[in-house]
Amino acid sequence: MQEEDIYSELSSIRSLMERSAKFISLSGMSGVMAGIYALIGAFLGFKVVYGNSYDLDYRNNYVNESEVLAKLFIIAAIVLLCALLTGVWLTIREAHKKGESAWNPVSRRLLISLSIPLITGGLFIFILLIRGNYSIIAPACLLFYGLALISGSHYTLSGVKWLGFCEIILGLFAALFPGYGIIFWTLGFGVLHIIYGSLMHFKYNQ
Amino acid sequence: MKILEQFDKAFENRLRLQIMSVLVANTHYDFNALKELLNATDGNLASHLKALEKEEYITVNKTFIGRKPNTQYSASAAGRTAFKKHLEALENLIKQQKS
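Residues numbered from 1 in each chain as written. Chains lettered and ligands numbered in written order. Predicted model: local features only at pLDDT ≥ 70, side-chain atom pairs only at ≥ 80, totals over all residues. Heavy atoms only, no water.

Section: the interface of chain B and chain A
Item 1. The interface of chain B with chain A comprises 23 residues on the first partner and 19 residues on the second.
Item 2. Summed over both sides, the interface of chain B with chain A buries roughly 1800 Å², with 63% coming from carbon and sulfur.
Item 3. Where chain B meets chain A, there are 1 salt bridge.
Item 4. Between Arg-14 of chain B and Glu-9 of chain A there is a salt bridge whose closest N-O contact spans 2.7 Å.
Item 5. Linking chain B to chain A there are 5 residue pairs in polar contact (both at pLDDT 80 or more).
Item 6. Of all the elements in the fold, those that place two or more residues in the side of chain B that touches chain A are α2 (14-25), β1 (29-30), α3 (31-38) and α5 (77-98) of chain B.
Item 7. For the side of chain B that touches chain A, the element with the most residues is α5 of chain B, which contributes 8 residues.
Item 8. Grouping the amino acids of the side of chain B that touches chain A by side-chain chemistry returns 13 nonpolar, 5 polar and 5 charged. (Contact = heavy atoms within 4.5 Å. Buried area = accessible area lost by both parts, 1.4 Å probe. Salt bridge = Lys/Arg side-chain N within 4 Å of Asp/Glu carboxyl O. Polar contact = N/O pair within 3.5 Å; in protein donor to acceptor, adjacent residues only side chain to side chain. Helix = DSSP H or I, 4+ residues; strand = E, 2+ residues; numbered from the N terminus. Nonpolar A, V, L, I, M, F, W, Y, C, P; charged D, E, K, R; others polar.)

Thoughts on the pairing of strand β2 (residues 58-65) of chain B
Residues and elements named next belong to chain B.
Item 1. Across 8 bridges, the pairing between β2 and strand β3 (residues 68-75) is antiparallel. Opposite Thr-59, over in β3, you have Ser-74 as the bridge partner.
Item 2. Between β2 and β3, which pair antiparallel and follow one another directly, the connecting turn spans 2 residues, one of which, Gly-66, has a positive phi of 65°. (Pairing = 2+ DSSP bridges.)

Some words on the confidence of the model for chain B
Item 1. Looking at chain B as a whole, the pLDDT averages 87, with 93% of positions reaching at least 70.
Item 2. Taking the mean pLDDT of every element in chain B, the minimum, 62, falls on helix α1 (residues 2-6) of chain B and the maximum, 94, on helix α4 (residues 42-54) of chain B. (pLDDT = per-residue confidence, 0-100.)

What about the packing of helix α5 (residues 137-152) of chain A against helix α7 (residues 181-204) of chain A?
Residues and elements named next belong to chain A.
Item 1. Packing of α5 against α7 brings their axes to within 8 Å, and their N-to-C directions diverge by 30°. Viewed along their axes, α5 and α7 adopt a mutual orientation that is roughly parallel. Packed against α5, whose contacting residues are Ala-138, Cys-141, Leu-142 and Tyr-145, the element α7 presents Gly-181, Phe-184, Trp-185, Gly-188, Phe-189 and His-193 at the interface.
Item 2. Of the residues that constitute the contact of α5 with α7, the class distribution is 7 nonpolar, 3 polar and no charged. (Axes fitted to C-alpha atoms, helices over the stretch in contact; angles between N-to-C directions. Parallel < 35°, antiparallel > 145°, perpendicular 65-115°, else oblique.)

Comments concerning the nonpolar core
Item 1. Grouped together as the largest cluster of nonpolar side chains are 38 residues, with contacts concentrated most on Ile-19, Met-20 and Leu-34 of chain B.
Item 2. Elements with a contribution of two residues or more to this core: α1 (3-21) and α4 (105-131) of chain A together with α2, α3, α4, β3 and α5 of chain B.
Item 3. Contact partners of Leu-34 of chain B, with chain neighbours within four places excluded, come to Ile-19, Val-22, Tyr-29, Leu-45, Leu-49 and Tyr-73 of chain B.
Item 4. Core analysis: the next-biggest nonpolar cluster, separate from the first, contains 18 residues, Ala-38, Ile-75, Ala-138 and Leu-157 of chain A among them. (Core = buried A, V, L, I, M, F, W, Y, C linked by side-chain atoms within 4.5 Å. Buried < 20%, exposed > 50% of the residue type's maximum accessible area, 1.4 Å probe, protein only.)

Things to note about a nonpolar patch on the surface
Residues and elements named next belong to chain A.
Item 1. A cluster of nonpolar residues, Leu-39, Ile-169, Phe-173, Leu-176, Phe-177, Tyr-180, Ile-183, Leu-187, Val-191, Ile-195 and Leu-199, forms a patch on the protein surface that exposes about 960 Å² of accessible area.
Item 2. For the nonpolar patch, the secondary-structure elements that each account for two or more residues are α6 (159-176) and α7.
Item 3. Broken down by element, the nonpolar patch gets its largest block of residues, 5 residues, from α7.
Item 4. Mapped onto the secondary structure, Tyr-180 falls in the loop between α6 and α7.
Item 5. Classification of Tyr-180 as partly exposed rests on a relative accessible area of 33%. (Patch = residues over 30% accessible without salt bridge, like charges linked within 9 Å, V, L, I, M, F, W, Y side chains within 5 Å. Areas by Shrake-Rupley, 256 points an atom, 1.4 Å probe, with all protein chains shown as cover.)

Section: the packing of α6 of chain A against α7 of chain A
All names here are of chain A.
Item 1. Across the interface, α6 lies against α7 with an axial gap of 10 Å and an inter-helix angle of 165°. By the criterion of interaxial angle, the relationship of α6 to α7 is roughly antiparallel. Viewed along their axes, α6 and α7 form a crossing whose handedness is right-handed. Two secondary-structure elements touch here, α6 through Gly-159, Val-160, Leu-163, Cys-166, Glu-167, Leu-170, Phe-173 and Ala-174 and α7 through Phe-184, Leu-187, Gly-188, Phe-189, Leu-192, His-193, Tyr-196 and Met-200.
Item 2. Of the residues in the contact of α6 with α7, the class split is 12 nonpolar, 3 polar and 1 charged. (Left-handed = near helix turned anticlockwise from the far one by under 90°.)

Things to note about the pairing of β3 of chain B
Item 1. Note: β1 of chain B against β3 of chain B, 2 bridges, orientation antiparallel. Paired with Tyr-29 of chain B across the bridge in β3 of chain B is Tyr-73 of chain B.

Some thoughts on α5 of chain A
One full turn of an α-helix is made of 3.6 residues, so residues set three or four places apart face in the same direction.
Residues and elements named next belong to chain A.
Item 1. Helix length check: α5 (16 residues) gives 22 Å between terminal C-alpha atoms against 22 Å at 1.5 Å per residue, within 8%.
Item 2. Ile-137, Ala-138, Pro-139, Ala-140, Leu-142, Tyr-145, Gly-146, Ala-148, Leu-149, Ile-150 and Gly-152 are the residues of α5 that are buried.
Item 3. Lining the buried residues of α5 we find α4, α6 and α7. (Expected span 1.5 Å × (residues − 1).)

With respect to the sheet that holds β1 of chain B
Item 1. As summarised here, the arrangement of the 3 strands in space is β1-β3-β2 (chain B), forming an open sheet in which the pairing is antiparallel. In this open sheet, the two strands that pair with only one neighbour each are β1 and β2 of chain B.

Some details on helix α2 (residues 28-50) of chain A
All names here are of chain A.
Item 1. Along its 23 residues, α2 runs 33 Å from first to last C-alpha, staying within 8% of the 33 Å computed at 1.5 Å per residue.
Item 2. Where α2 starts, the residue carrying a side-chain oxygen 3.1 Å from the main-chain nitrogen of Met-29 turns out to be Ser-27.
Item 3. Gly-51 sits one or two residues past α2 and shows a positive phi near 65°.

This is how it looks when you write it as structure tokens:
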């Protein structure tokens, strides 16, 4: 056996082990798009809460009217739906480009490990909404999302883990400064997604 | 040559080595997923899986999902050791050729 043959054999084994255990067809663009949707959503949410007065240094607007709450809830739901649909669509496209199927044992495992913290968090936030504990909804979103990313990162690109850590740190800060939820929410779901998505896009799509 | 003796006969076939790489990296893998990942045909994959099973390098767990059979394969402890040894032998061969 020639030396090059053994090298290529070893590297093909390594790539096979990696491909069989990690789902790497996540598209960086879906992160960027999710971030953009979140920024648009945050802007709309900001308008709903504060009206047209951009007076940040004196807070006399509180989120407790049911009409405002309903609007915010609808905006958040639309943002989430758009981000998910775009993400799924781009991931399937990316997988097809690589000649793989997007639905395989690894993506199933990734989905399961993501959804346990996400569904727990979703139900928890729903309970907070019902009980009127609005002030910790934004931190809870960020915390559970960060935990979901870290738990899912075992089955995908390692960058996802760092995104998860950043979300958790932001979530803790958001809990420390109640009332500024929308700012942390914008940073976590908007800015971080765009930064992460562009990093991944340039790292893997060149 | 001593190093050639360290090569595992069971891994001489490329597909078998590939099957083993996947099973070592994962707790278990099912037949259809293996087929898709390795671009193998049913018959070819099945016969090599049989061979590895005969060596007791892999364990087979047959279940049903509804009416469809679902066969899960996983690497046995012996299989993991053999795989590791085989890779070490490959690496040793490179080292020897370099010196």
